[in-house]
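Structural overview
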Amino acid sequence: MTLTSATDPPIDTTTSPPPEPLDYSTLKVVPLRHPWRWAAVVVTAVLLAQFTHGLITNPGWDWEVFARFFTAETILKAVWVTLQLTFYGTALGFALGIVLAFMRLSASPFLKSVAFAYIWAFRSIPLIVQLLFWFNLAYLYKELQFGIPFGPGFFTFDTMGLVGAMSAAVLGLALHQAAYAAEIVRGGVLAVDSGQLEAAAALGIPRLRQLRRIVLPQAMRSILPNAANEIISLFKGTSIVSVMAIGELFYQVQVVYGRNGRVVPLLMVATVWYILLTTALSVLQHYVERHYAKGAAR
C-alpha cells in the first residue's frame, strides 16, 4: 500500500494494471506440531503394552482355570439366570415406569402426588434393602387374599410359597427400576414440542393415538440412551441378588472359588461374561437408536 499526502494528485486506478495473482505452489506448508500429543500417545502405548504383558506372563491370572470354567455348565446356567433377571426386571420395571410417568404428567394432583411419592421412596431406599424386604415378605404377611377391598377374600395364597427367592428378586428389581424408568420416560415426553400435540388436537386426532403415533416415536430418541444405560446397570446390578442365594453369575462364581480357592481366574470369568453381554446390549442399543433416528438424522 502506498501512502499519499493531501497535496498529491489523485491516483488513476482505472489505468493501473491489476495485481498479479499469488502463486500458492511456491509456499511451503508446515504442519502444526503436536509434541505433547505424541508424548501422551507414547506413554499410553507403553502402559498398555505393560498391562498386556502382565496379563500374558503373570501366573497369578491362571488362564488355564479361566478357560476350564468359562464355559462350564454351572457358569452357563448362572448366565441364563442373570439374563432372566435382567429381562423380567426391565420389562416389568419399564411397564410400571410408563404408567408412573404419565401419572406425573396428568392433571390430577392426587395421581401426581402418588407417582412422586413412589419415585421418591424407591430411589431413596438402597436396592439391597428392597430385595431383603421382599425376600422376607412372609414375615409380615403369612397369607395374601384377593377379594373385596376391606371385605371378605375369595382366594388365599401362602406368601412363602408364592414369593420365593427368584420372585422376590424380580419384584425388587422391577419396582426399583420403575422409579428410574418413570423419570426417563417423563423426560423424553417433555422433550417433545407441545405445539405438535396442539396441532394433532386441532386435527381431531384422539388422545391415545397422539401418544402412540406422535409423542412416543419422537420421545424415544431422548428415552433410548438413558434407558439403555439403566438396562446395562440393571444387568450388572443383578449381582446384588447373590445375598439371597440365587444362582446368578456372580453368586455361582463365588461358590466355585469358595471350593477351589482360585479367586482371580473365577472373577475374570464373571468379568468377561459381563463385558461380552454388555457389549451385545450396546450393539442392540445402537441399532434401535438408529431406527428411531430415521426422521431426524441427516
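Structure: see above.
Residues numbered from 1 in each chain as written. Predicted model: local features only at pLDDT ≥ 70, side-chain atom pairs only at ≥ 80, totals over all residues. Heavy atoms only, no water.

Moving on: the overall build of the protein chain. Along its length, the protein chain carries twelve helices and two strands. For the protein chain, the N- to C-terminal ordering of α and β elements is α-α-α-α-α-α-β-β-α-α-α-α-α-α. Looking at the protein chain as a whole, 28% of its 298 residues are labelled buried. When the accessible surface of the protein chain is split by element, carbon and sulfur atoms take 67% of a total near 20100 Å². (Helix = DSSP H or I, 4+ residues; strand = E, 2+ residues; numbered from the N terminus. Buried < 20%, exposed > 50% of the residue type's maximum accessible area, 1.4 Å probe, protein only. Areas by Shrake-Rupley, 256 points an atom, 1.4 Å probe, with all protein chains shown as cover.)

Compared with an ideal rise of 1.5 Å per residue, which puts 31 residues at 45 Å, helix H10 (residues 207–237) spans 37 Å between its outermost C-alpha atoms and falls more than 12% short. For H10, the principal kink sits at Ile223 and spans about 45°; a proline, Pro225, occurs within the next four residues. Buried residues belonging to H10 abut helix H3 (73–105), helix H8 (165–190), helix H9 (194–202) and helix H12 (263–292). (Expected span 1.5 Å × (residues − 1). Bend = angle between axes of the 7 residues up to and from the residue. Contact = heavy atoms within 4.5 Å.)

A word on the pattern of salt bridges. Applying the stated criterion across every chain yields a total of four salt bridges. A salt bridge links Arg262 to Asp62, with the shortest nitrogen-to-oxygen separation between them at 2.4 Å. Of the two residues, Arg262 sits in the loop between helix H11 (249–260) and H12 while Asp62 sits in the loop between helix H1 (35–57) and helix H2 (63–70), which places them 200 residues apart along the sequence. By relative accessible area, Arg262 is classed as partly exposed at 37%. (Salt bridge = Lys/Arg side-chain N within 4 Å of Asp/Glu carboxyl O.)

Before going further, it helps to spend a moment on helix H5 (residues 127–135). An α-helix turns once per 3.6 residues; consequently, residues spaced three or four apart project the same way. Along H5, the residues that are buried comprise Leu127, Gln130, Leu131 and Trp134. All buried residues of H5 project into a common sector of 100° when viewed along the axis, lining one side. Its buried side turned inward, H5 meets helix H4 (109–124), helix H6 (137–140) and H8. (Arc of directions from axis to C-beta.)

For the coordinates displayed, the defined rule picks out eight aromatic pairs. Considering the side-chain rings of Phe70 and Trp273, the 4.8 Å spacing of their centres and the 15° angle between planes classify their relative orientation as stacked. Taken together, the positions of Phe70 in helix H2 and Trp273 in helix H12 put the pair 203 residues apart, joining distant regions of the chain. No difference in accessibility class separates Phe70 from Trp273, as the two residues are buried. Measuring from ring centre to ring centre gives 4.3 Å for Tyr118 and Phe122, while their planes differ by 25°; the resulting arrangement is stacked. Of the two residues, Tyr118 and Phe122 are both situated in helix H4; the distance of four residues between them amounts to about one turn of the helix. The same class applies to Tyr118 and to Phe122, which are both buried. The structure contains a cluster of three or more aromatic residues connected by ring pairs, namely Trp61, Trp63, Phe66, Phe70 and Trp273. (Phe/Tyr/Trp six-rings, centres within 6.5 Å; stacked < 30°, edge-to-face > 60°.)

By themselves, these observations are geometric and do not establish any function.
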